[in-house]
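Take a look at the letters that make up each chain.
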Amino acid sequence: MRFREVRLAAIGADIPDEIWSSADIERRMAALYRRLKLPEGRLEGMSGVVERRVWPEQTLPGTPSIQTARRTIEASGIDPGRIGALIHASVCRDFLEPATASRVHHGLGLRPDCCVYDVSNACLGILNGAVQIAGLIDAGVIEAGLVVGTENARPLLTQTIEHLNANEALTRKTVKPAFASLTIGSGSAAWLLCKPELAPDATRCVAATVNARTQFHDLCRSDTDTGGASMQPLMETDSERLMAEGIACGAANFGQLLETTAWPRESIAASVCHQVGGRHRVAMLQAMGLPLERDHITFDRLGNTGSVALPMTLAHAASKWDVDPDARVVLLGIGSGINSVMMGVQWGQTAIVPPPLDALQSSSRVPGE
């Protein structure tokens, strides 16, 4: 998909104040660690995740989404009346029904003839939403559109810790599928895209490509999501196979992106990957032939924040980097399913509301106390 007339006018991101370190979580599971003879520091050592954030108890995703979206619109300087589509695109949502986008649309006071709906695609939701909005803009259907999402790690972290502590039948082998659930974190992110007349100097969206290897759809699964189901936030993940097959899918999709954009690999000034962990990042960039020093990370301090991981990292990186005008930047999304969505952009004067990472200090409080 090549885009003709689409700009990324503004990116907004936010994170909670409360911090759970990997050491905190291990202390909460001290009895399990002793019984299985697991070494302290295993969680951080295997993932590279030092800490992650959690929203306050009872937080509905739509609440931070409204705030993040509002700040993103304000930063863009674009009249909210020009926004013709609102997509809420995180894994987490307020309810099965109605769409969380409905509450966010009401909270923002957007116009009644705005397209309003949810998109769900694991860690790719916001990228999928951005591609859909870009297509609507290019088709002349809307002038501007907003995609936003909020991931809430607290319920999954809490339930996983309680489940692992209660199951005395676990072994070092059977505990592995729960490992990925302990690396997740919370955050919120929004992108405002528009036609060039509304933000002529903003980042230009050049192209997006997709790749699906759905024969591996069962490598990462949560509880059944239907009316009347228990809806327990627990997940099982075959981390090793998911990483291997995900990287293969991503490498294939990156080849498609280079072909679609006609960009030489060496001309890429910066990259932002989906934020899973240290091993995943290194292996993925190596498979794509991209240098580590041109990539940007937040997983060490935020964990894997699902659909908002890449957008939040882009906001954090863009608030600090000094790239040349029209620098070529690639956004490398991979999600369970397995699917990949990638986008190539030429960087411009996009308004940034970065996550307040530098303002926070780690907490030594043990979660659950």
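Just so we're clear, the structure is a prediction, and the values are computed from it rather than from any experiment. Residue positions are counted from 1 within each chain, in the order its sequence is given. Local features in a predicted model are, by the rule used here, given only for residues with pLDDT of at least 70; side-chain atom pairs are given and counted only at 80 or more, and totals for whole chains, interfaces and linings are based on all residues. Heavy atoms throughout the structure, all of them, feed into the side-chain values; hydrogens and water do not.

**Describing the overall build of the protein**
Put simply, DSSP marks the helices as runs of H or I at least four residues long and the strands as runs of E at least two long, and each gets a number from the N terminus on. Assigned secondary structure in the protein consists of 11 helices and 15 strands. For the radius of gyration, the atoms used are the C-alpha atoms, and the globule rule reads 2.2 Å times the number of residues raised to 0.38. The globule rule puts the C-alpha radius of gyration for 369 residues at 21 Å, and the 20 Å found for the protein is close to it. Taken over the C-alpha atoms alone, the protein extends approximately 65 × 45 × 40 Å along its principal axes. Put simply, the protein has 369 residues, and 54% of those count as buried. A contact between two residues is defined here by any heavy atoms of the two lying within 4.5 Å. Taking as baseline every contact in the protein between residues at least 6 positions apart, the subset at least 24 positions apart corresponds to 81%. Put simply, the protein shows about 15500 Å² of open surface, and 50% of that area lies on carbon and sulfur atoms. The buried label goes to any residue with under 20% of its type's maximum accessible area, the exposed label to any with over 50%, and the partly exposed label to all in between, with areas taken from a 1.4 Å probe on protein chains only. Using the Shrake-Rupley algorithm and a 1.4 Å probe, accessible areas are obtained, with residue cover drawn only from the displayed protein chains.

**Some thoughts on the pattern of salt bridges**
One speaks of a salt bridge when a side-chain nitrogen belonging to Lys or Arg is within 4 Å of a carboxyl oxygen belonging to Asp or Glu. With the rule as written, the count across this model stands at 11 salt bridges. Across the salt bridge formed by Asp113 and Arg111, the nearest N and O atoms sit 2.7 Å from each other. Taking relative accessible area as the criterion, Arg111 reaches 26% and is therefore assigned partly exposed. In this structure, Glu143 engages Lys195 in a salt bridge whose closest nitrogen and oxygen atoms are separated by 3.1 Å.

**Structural notes on the pairing of strand β5 (residues 115-118)**
Between any two strands, pairing holds if DSSP finds at least two bridges. Pairing between strand β4 (residues 83-88) and β5: four bridges, direction parallel. What sits directly across from Ala85, in β5, is Cys115. Orienting the strands away from the viewer, one traces the path from the first strand over the helix to the second; a clockwise path indicates a right-handed crossover. In terms of handedness, the path from β4 via helix α5 (residues 100-108) over to β5 forms a crossover that is right-handed.

**A word on unusual backbone geometry**
Cis geometry marks the peptide bond from Glu97 to Pro98, where omega comes out at 5°. Within the secondary structure layout, Pro98 lies in the loop between β4 and α5. Looking along the chain, the bond that leaves Gly337 and enters Ile338 is cis, with omega of -15°. Summarising the element assignment, Ile338 is placed in the loop between β13 (328-335) and β14 (339-346). For Lys37, which is not a glycine, the phi torsion comes out positive at approximately 55°. Tracing the backbone through its elements, the reader meets Lys37 in the loop between α2 (30-36) and α3 (42-47). One non-glycine residue, Ala262, adopts positive backbone phi at about 60°.

**A short note on the confidence of the model for the protein**
The pLDDT averaged across the protein works out to 91; a share of 92% of its residues lies at or above 70. pLDDT expresses, on a scale from 0 to 100, how confident the predictor is about each individual residue. The low-confidence segment residues 360-369 (pLDDT under 50) makes 24 contacts with residues lying over four places distant or belonging to another chain.

**Observations regarding the nonpolar core**
Among the nonpolar cores identified, the biggest contains 43 residues, and Val147, Trp191, Leu193 and Met343 are the most heavily contacted of them. Looking at this core, the element that brings in the most residues is helix α6 (residues 125-138), giving seven residues. Leave out the neighbours within four places in its chain, and Val147 touches Ile87, Ala89, Ile126, Gly129, Ala130, Ile133, Ala189, Ala190, Trp191 and Leu193. We call a set of buried residues a nonpolar core when its members are Ala, Val, Leu, Ile, Met, Phe, Trp, Tyr or Cys and they connect through side-chain atoms within 4.5 Å of each other. One finds Ala9, Ile83, Ala144 and Ala190 within the second-largest nonpolar core, a separate group that totals 21 residues.

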